[in-house]
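One letter stands for each residue in the lines below.
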Amino acid sequence: DSGVTQTPKHLITATGQRVTLRCSPRSGDLSVYWYQQSLDQGLQFLIQYYNGEERAKGNILERFSAQQFPDLHSELNLSSLELGDSALYFCASSSRGEQPQHFGDGTRLSIL
Amino acid sequence: AQTVTQSQPEMSVQEAETVTLSCTYDTSESDYYLFWYKQPPSRQMILVIRQEAYKQQNATENRFSVNFQKAAKSFSLKISDSQLGDAAMYFCAYRTSWNNAGNMLTFGGGTRLMVKP
């Protein structure tokens, strides 16, 4: 158990819809990262938050957004969903940026 | 931008034997971190081992060790006394040490390791 909690574990929805993925980092971790794992793109970094503020952005689509709340949990919002958004979405956390990242179990998103 | 390459899409090893997974990376930085993550069929991402570029000594964690060749930009993972539970996808990852750029991981494409009984 990494201590990083992601909900839900599975999500099935239709094209054009909007979903929210939630992540609770390990106790004491200030940094939260979101990654997407798909068959064609592999594991890609989406976005990082540190203590409530956006720290770095990767290949995140404009239809996607995220935030980190005062209690340090984070949400990834995906809108206008397309078939290609089907993937495993991971959240990871670390205590400080230079510390190793620990991953949650992921949310599997399936777009029908 | 940094890139990470794992040239072996699949590897297999006999139980109790040793296997080495390859990873090369491209960077212009002199200080950085390298990692190996394991992803079993359960899909979890599990940190296996970590190496700081400024350390010449190769990292070791029980049966797992790395061969870090900084000049060659190579970072291979050796698994000794392979066990059935080692069967998984293994990902090599790079992270800059420059915090202003963020602390994201850049992953290789992965190597699927099969362990034969």
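A brief report on the enclosed structure follows.

### Regarding the overall build of chain A
Consideration 1: Within chain A, the secondary structure is distributed over 0 helices and 11 strands.
Consideration 2: Starting at the N terminus, the α and β elements of chain A follow one another as β-β-β-β-β-β-β-β-β-β-β.
Consideration 3: Burial analysis of chain A (112 residues in total) assigns 51% to the buried set.
Consideration 4: Restricting to contacts in chain A with at least 6 residues of sequence separation, those with at least 24 account for 54%.
Consideration 5: By element, 46% of the accessible surface of chain A is carried by carbon and sulfur atoms, the whole surface being about 5300 Å².

### Here's the deal with the pairing of strand β3 (residues 19-24) of chain A
All names here are of chain A.
Consideration 1: Side chains Val19, Leu21 and Cys23 project from β3 onto a buried face, and the interleaved Thr20, Arg22 and Ser24 project onto a face without burial.
Consideration 2: Sheet analysis places strand β1 (residues 5-7) next to β3, joined by 3 bridges and oriented antiparallel. The partner of Gln6 across the bridge, within β3, is Cys23.
Consideration 3: In this structure, β3 lies alongside strand β8 (residues 74-78), joined through 5 bridges in antiparallel fashion. For Leu21, the partnering residue across the bridge sits in β8 and is Leu76.

### Focus: the state of the cysteines
Consideration 1: Under the criterion given, the structure shown has 2 disulfides over all chains.
Consideration 2: Across the disulfide from A:Cys23 sits A:Cys91; the S-S distance is 1.8 Å. Looking down the S-S bond of the A:Cys23 and A:Cys91 bridge, the torsion is -55°, so its handedness is left-handed. On the criterion of sequence distance, the pair formed by A:Cys23 in strand β3 and A:Cys91 in strand β9 (residues 87-94) is long-range, its members being 68 residues apart. The two residues A:Cys23 and A:Cys91 agree in class, both being buried.
Consideration 3: Put simply, B:Cys23 and B:Cys92 are joined by a disulfide, and their sulfur atoms are 2.0 Å apart. The sign of the S-S torsion, about -70°, decides the handedness of the disulfide formed by B:Cys23 and B:Cys92: left-handed. Separated by 69 residues along the polypeptide, B:Cys23 in the loop between β3 (19-21) and β4 (24-26) and B:Cys92 in strand β10 (residues 88-96) bring together distant segments of the chain.

### Considerations on the nonpolar core
Consideration 1: Core analysis: the largest hydrophobic core is formed by 25 residues, its most contacted members being B:Tyr25, B:Trp36, B:Phe75, B:Leu77, B:Tyr90 and B:Leu113.
Consideration 2: For this core, the leading source of residues is β10(B), giving 4 residues.
Consideration 3: Ignoring any residue separated from it by four or fewer positions in sequence, one finds B:Tyr25 in contact with B:Thr3, B:Val4, B:Tyr32, B:Leu34, B:Phe68, B:Gln69, B:Lys70, B:Lys73, B:Ser74, B:Phe75 and B:Tyr94.
Consideration 4: Counting 21 residues, the second-largest nonpolar core is a separate cluster that includes A:Val19, A:Phe64, A:Leu78 and A:Leu81.

### Here we look at the layout of surface pockets
Consideration 1: Estimated volume of the largest pocket: approximately 470 Å³.
Consideration 2: Lining the largest pocket are 23 residues; nearest its centre among them are A:Gln37, A:Ser38, A:Leu39, B:Gln39 and B:Arg43.
Consideration 3: Breaking the lining of the largest pocket down by element, the ones donating at least two residues are β4 (31-38), β5 (42-50) and β9 of chain A together with β10 and β12 (111-116) of chain B.
Consideration 4: The element best represented in the lining of the largest pocket is β10(B), accounting for 3 residues.
Consideration 5: When the residues that make up the lining of the largest pocket are grouped by side-chain class, the tally is 11 nonpolar, 8 polar and 4 charged.
Consideration 6: Approximately 340 Å³ is the volume found for the second largest pocket.

### A closer look at the pairing of β5(A)
Residues and elements named next belong to chain A.
Consideration 1: Across the 9 residues of β5, 7 count as buried, placing the element largely inside the fold.
Consideration 2: Connecting β4 to the next strand, β5, in antiparallel fashion are 3 residues.
Consideration 3: As paired elements, β5 and strand β6 (residues 53-57) share 4 bridges and run antiparallel to each other. Among the inter-strand pairings, Ile47 is bridged to a residue of β6, identified as Lys57.
Consideration 4: If you look at the hairpin formed by β5 and β6, you'll find 2 residues sitting between the two strands, and Asn51 has a positive phi there, around 50°.

About the thresholds
- Residues numbered from 1 in each chain as written.
- Chains lettered and ligands numbered in written order.
- Predicted model: local features only at pLDDT ≥ 70, side-chain atom pairs only at ≥ 80, totals over all residues.
- Heavy atoms only, no water.
- Helix = DSSP H or I, 4+ residues; strand = E, 2+ residues; numbered from the N terminus.
- Buried < 20%, exposed > 50% of the residue type's maximum accessible area, 1.4 Å probe, protein only.
- Contact = heavy atoms within 4.5 Å.
- Areas by Shrake-Rupley, 256 points an atom, 1.4 Å probe, with all protein chains shown as cover.
- Pairing = 2+ DSSP bridges.
- Disulfide = S-S within 2.5 Å.
- Core = buried A, V, L, I, M, F, W, Y, C linked by side-chain atoms within 4.5 Å.
- 1 Å grid on protein atoms, 1.4 Å probe; cavity = no way out; pocket = protein on both sides within 12 Å on 5 of 7 lines; lining within 4 Å.
- Points joined across faces, edges and corners; volume = space filled by probe spheres on them.
- Nonpolar A, V, L, I, M, F, W, Y, C, P; charged D, E, K, R; others polar.

These figures come from the coordinates and say nothing about function on their own.
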